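Take a look at the letters that make up each chain.
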Amino acid sequence: MKQRVDYFNVAPEGLKIMMEMEKYTKTTDIDRKLRELIKIRASQINGCAYCLDMHTADARKMGETEQRIYCVSAWEECEFYTEAEKAALELTEHVTLIPNKRVPDELYNRIRNHYSEKDYVDLVLIINQINSWNRISISMGNIATE
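(A) Summary view of the overall build of the protein. Along its length, the protein carries nine helices and zero strands. When the elements of the protein are put in sequence order from the N terminus, they spell out α-α-α-α-α-α-α-α-α. For the protein, whose C-alpha radius of gyration is 15 Å, the value lies close to the compact-globule estimate of 15 Å for 146 residues. Each of the three principal axes of the protein carries a C-alpha extent, and together these read 45 × 30 × 30 Å. Residue burial in the protein is summarised as follows: out of 146 residues, 42% are buried. For the protein, the proportion of contacts with a sequence separation of at least 24, taken over those separated by at least 6, is 66%. Accessible surface for the protein amounts to roughly 8300 Å². Of this, 53% is attributable to carbon and sulfur atoms.

Laid out in structure tokens, this is it:
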């Protein structure tokens with residue numbers, strides 16, 4: 001399948017807004033490697049090969065280890081993610097699968113043990129941003145290429 005629509009040219013104002021949000025997420029206090037792990041985990045759940053390819057490459061460029069990239073789908077069973085990272089990855093799963101998982105108070109409270117109120121909002125925005133990109137990418141027929 002090739003890309004269905006040249007969406008950046010068809011709807012430049014809408015994509016400009018997406019890119020502005022992308023710029024904002026990069027200014028947050030959330031660690032840049034963790035931002036990439038969040039993007040990878042949400043993209044795994046959503047089955048977006050294009051975004052998985054992009055964000056695993058970006059994580060490597062930032063110095064993220066192969067071990068942490070490969071194991072992010074099984075983060076609960078790994079000792080090499082911090083408790084704060086695990087909380088953020090769990091939030092990623094809950095927000096990505098919100099119709100089934102919601103965000104229970106217990107998870108929110110655990111996240112707040114590691115992150116400020118603003119950080120929590122920023123985490124949710126980062127998660128929503130990658131979920132939006134996944135849905136755009138899949139709907140537009142983007143594929144991972146060499």
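Still more ground to cover, so stick around.
(B) Here's a closer look at the packing of aromatic side chains. What the rule picks out here adds up to four aromatic pairs. When the ring of Phe 80 is compared with that of Tyr 81, the centres are 5.1 Å apart and the planes differ by 50°; the resulting orientation is tilted. Classification of Tyr 81 as buried rests on a relative accessible area of 3%. The structure contains a cluster of three or more aromatic residues connected by ring pairs, namely Tyr 7, Phe 8 and Trp 133.

(C) Examining the state of the cysteines more closely. Applying the stated criterion across every chain, the model contains zero disulfides. Between Cys 48, a cysteine without a disulfide, and Cys 51, which holds the nearest cysteine sulfur, the sulfur-to-sulfur distance is 3.4 Å. With relative accessibility at 2%, the residue Cys 48 sits in the buried group. The structure places no disulfide on Cys 71, whose sulfur is separated from the nearest cysteine sulfur, that of Cys 78, by 4.5 Å. On the accessibility criterion, Cys 71 (25% relative accessible area) is partly exposed.

(D) Local environment of helix H2 (residues 12–26). If you check H2, its first and last C-alpha atoms are 21 Å apart, about what 15 residues at 1.5 Å a residue would give, namely 21 Å. Listed in full, the buried residues belonging to H2 are Leu 15, Met 18, Glu 22 and Thr 25. Summarising the axial view, the buried residues of H2 lie within an arc of 70°, below the 170-degree limit, and thus occupy one face. In this structure, H2 carries Glu 13, Ile 17 and Lys 23 as exposed residues pointing more than 90 degrees from its buried face. Among the structural elements, helix H1 (7–10), helix H3 (32–46) and helix H9 (117–140) are those in contact with the buried residues of H2.

Quick notes on the rules
Residues numbered from 1 in each chain as written. Predicted model: local features only at pLDDT ≥ 70, side-chain atom pairs only at ≥ 80, totals over all residues. Heavy atoms only, no water. Helix = DSSP H or I, 4+ residues; strand = E, 2+ residues; numbered from the N terminus. Rg over C-alpha atoms; globule rule 2.2 N^0.38 Å. Buried < 20%, exposed > 50% of the residue type's maximum accessible area, 1.4 Å probe, protein only. Contact = heavy atoms within 4.5 Å. Areas by Shrake-Rupley, 256 points an atom, 1.4 Å probe, with all protein chains shown as cover. Phe/Tyr/Trp six-rings, centres within 6.5 Å; stacked < 30°, edge-to-face > 60°. Disulfide = S-S within 2.5 Å. Expected span 1.5 Å × (residues − 1). Arc of directions from axis to C-beta.

Distances and angles like these do not, on their own, reveal function.
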